[in-house]
Every structure is written in structure tokens, then in C-alpha cells.
Amino acid sequence: MTANQHRPFHKPRAHGARLFLAAVLGALWSGPAAPQGAGGQAPDTMAQRMQACTVCHGKEGRATNEGYFPRIAGKPAGYLYNQLLNFREGRRHNATMAYLVEHLSDDYLREIAQHFSTLDLPYPPAQTIGAARLQLQLGAALVQRGDPGRGIPACVACHGQKMTGVEPAMPGLVGLPRDYVIGQLGAWRTGQRRAAEPDCMASIAKRLSPQDVSAVAAWLSSQTPPADSKPARQAKLPLPLECGSGLQ
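Note that the coordinates shown come from a computational prediction; the quantities given were computed from them, not determined experimentally. Numbers given for residues are sequential positions, taken from 1 along each chain in its written order. Local features in this predicted model are restricted to residues whose pLDDT is 70 or higher, and side-chain atom pairs enter the listing and the counts only when it is 80 or higher, whereas totals over whole chains, interfaces and linings include all residues. The basis for the side-chain values is all heavy atoms of the structure; hydrogens and waters are excluded.

Draft legend 1. Main features of the overall build of the protein. Think of it this way: any DSSP run of H or I at least four residues long counts as a helix, any run of E at least two long counts as a strand, and we number them from the N terminus. Counting its regular elements, the protein contains 11 helices and two strands. If you list the helices and strands of the protein from N to C, you get α-α-α-α-α-α-α-α-β-β-α-α-α. Should any heavy atoms of two residues lie within 4.5 Å, those residues are counted as being in contact. Restricting to contacts in the protein with at least 6 residues of sequence separation, those with at least 24 account for 68%. Residue-level accessible areas treat just the shown protein chains as cover; the underlying method is Shrake-Rupley with a 1.4 Å probe. For the protein, the exposed surface amounts to about 13400 Å²; the carbon and sulfur share of it is 56%.

In C-alpha cells form, the structure reads like this:
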């Protein structure tokens, strides 16, 4: 197929992507939500506006058991707010997310974070099935006990014994997609993802081997979240490492 034959296919896709982003921006950039619509239109609520987010993050932000995008429903508001700030300020890199939040105020980011944090929705079934037994054993050991000899704390020490997160800003990890976990730990290892200093997750990720990362991702994505998947109310202090964004 010639280059000229390719052009009619690629242009509409680019045009469609621009239209999609314009529609999403129109929903997000409308300012604080009003309780009701007018003239028979849909109510101008946060739930209505945040439907734009469900294109990637799944219905009501609950995600699915496939793909790369994480669940945002029910995550602590402090964590969600910090991540929106990180995208806006360049500590996390995703072109779409950065473009969407570029002109949103801190107050509106807090409103978005609060909206998703209050959603108590069921999780999809576990994504990973049939992972190798030794890989799951290594993943479980790192999550539940860490590796003190390498300075790797247990994941449960910060993210809660049920791995469903801890208020106000520690996210739940159980049930996250395998590819997402691998991608984020890899981004921390290479400096493509950062958080407020001191960046405890960057320190931990750099101590993990590729085998460790794969094992943790396999274990987390193979677990069925508990019936009560809400974040724990408070962290057990002191945390194993000082974290710049975990407690605010």
C-alpha cells in the first residue's frame, strides 16, 4: 500500500481524537458543578461531568479486569488529588492527563478527587489467573513481609493490611491491572514518575529487581479485593520510610 493510500485513513483518526479531547475538556472545564440542569438538559453535576473520565478508567471510575488504566473509584481523596497535581506539574507523564488538567484550579482538582473517593463500587474479578506458583510466592512475600536485607519494606506497612489503601493519601493496590503495576514501578525506577519529596516509592522501586516487579504485579492482580474495600482510617506510624505525599 502506498503512502498516499494511508493518508485518508490517518487523518480522520487524528481529527476524531481532537474532537474527543475537545468534548472531554468541555465537560471538565465548566467550573464547579451546579445541582440541576435547565431547560430539560442533563443535570450539571460532578457525576455527569466525570463521565469523560470513564472512557479510560471504566464505568464510574471502577476500571475493569483488563487493560492498563487503574481504578480511581474509592481511592483516598488525598491520593487522587496528589496524582492530579503530579500530572499537571509534570511529575507524572501522560499526555492526555496532562492536557486535561493543565488549566484546572487546585480547588477543582480537589472537587474531582473528592467525587471519586466517595464512590463505593464493586471490583471486577481478579485479572491474573494461573500465574506460576513460585512467582506468586515471591510476590506475596514482598507485599506482606518485604525484604529487610535489601531495605524493601512490606507493601502492607504503608498501603494497609488489606492493601485497600489508607486515609488520607495512600492508595489501594490490590486488584490493579498487572501491566499498570509493572509500568508504574518501572516509571519510578527510571525517573519517569515522581512524587513530592522525599519520594519513598522511587527509593523502593530502585531496590526491586525486574523479577520482583513482575512477581508483585502478578500477586496484586491475582487477588480478589475484600468485601470491605474502603481504605483504612489511619496509617500505623511511623512509616518504614519518610514519604512526601503519603500523609497529606
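That was the structure; now back to the text.
Draft legend 2. Quick peek at the state of the cysteines. By convention in this document, the label disulfide applies to cysteine sulfur atom pairs within 2.5 Å. Inspection of the entire model under this criterion finds one disulfide. The disulfide partner of cysteine 200 is cysteine 243, and the S-S distance across this bridge is 1.9 Å. Of note, the bridge from cysteine 200 to cysteine 243 carries an S-S torsion of about 110° and is right-handed in sense. Of this pair, cysteine 200 sits in helix H10 (residues 200-205) while cysteine 243 sits in the segment after helix H11 (210-222); the two residues are 43 residues apart in sequence, bridging distant segments of the chain. For the pair cysteine 200 and cysteine 243, a shared accessibility class is recorded, and that class is buried. Cysteine 53 takes part in no disulfide bond, and the closest cysteine sulfur to it belongs to cysteine 56, at a distance of 8.8 Å. On the basis of relative accessibility, which here comes to 34%, the residue cysteine 56 falls in the partly exposed class. A simple rule labels every residue: compare its accessible area, found with a 1.4 Å probe on the protein chains alone, to the largest value its type can have, and call it buried under 20%, exposed over 50%, or partly exposed in between.

Draft legend 3. Quick look at the packing of helix H4 (residues 77-89) against helix H6 (residues 106-117). Axis lines are fitted through C-alpha atoms, for helices just across the contact stretch, and the angle between N-to-C directions can take any value from 0 to 180 degrees. One way to put it is that H4 packs onto H6 with a least axis distance of 8 Å and a crossing angle of 135°. Comparing their axes, H6 and H4 come out oblique. Judged by the sense of rotation from one axis to the other, the crossing of H4 with H6 is right-handed. The residues of H6 that touch H4, namely those facing Ala77, Leu80, Tyr81, Leu84, Leu85 and Arg88, are Asp106, Leu109, Arg110, Ile112, Ala113, Gln114, Phe116 and Ser117. For classification purposes, angles smaller than 35 degrees are called roughly parallel, those larger than 145 roughly antiparallel, those between 65 and 115 roughly perpendicular, and all remaining angles oblique. By convention, the crossing between two helices is left-handed when the near helix turns anticlockwise from the far helix through less than a right angle, and right-handed when the turn is clockwise.

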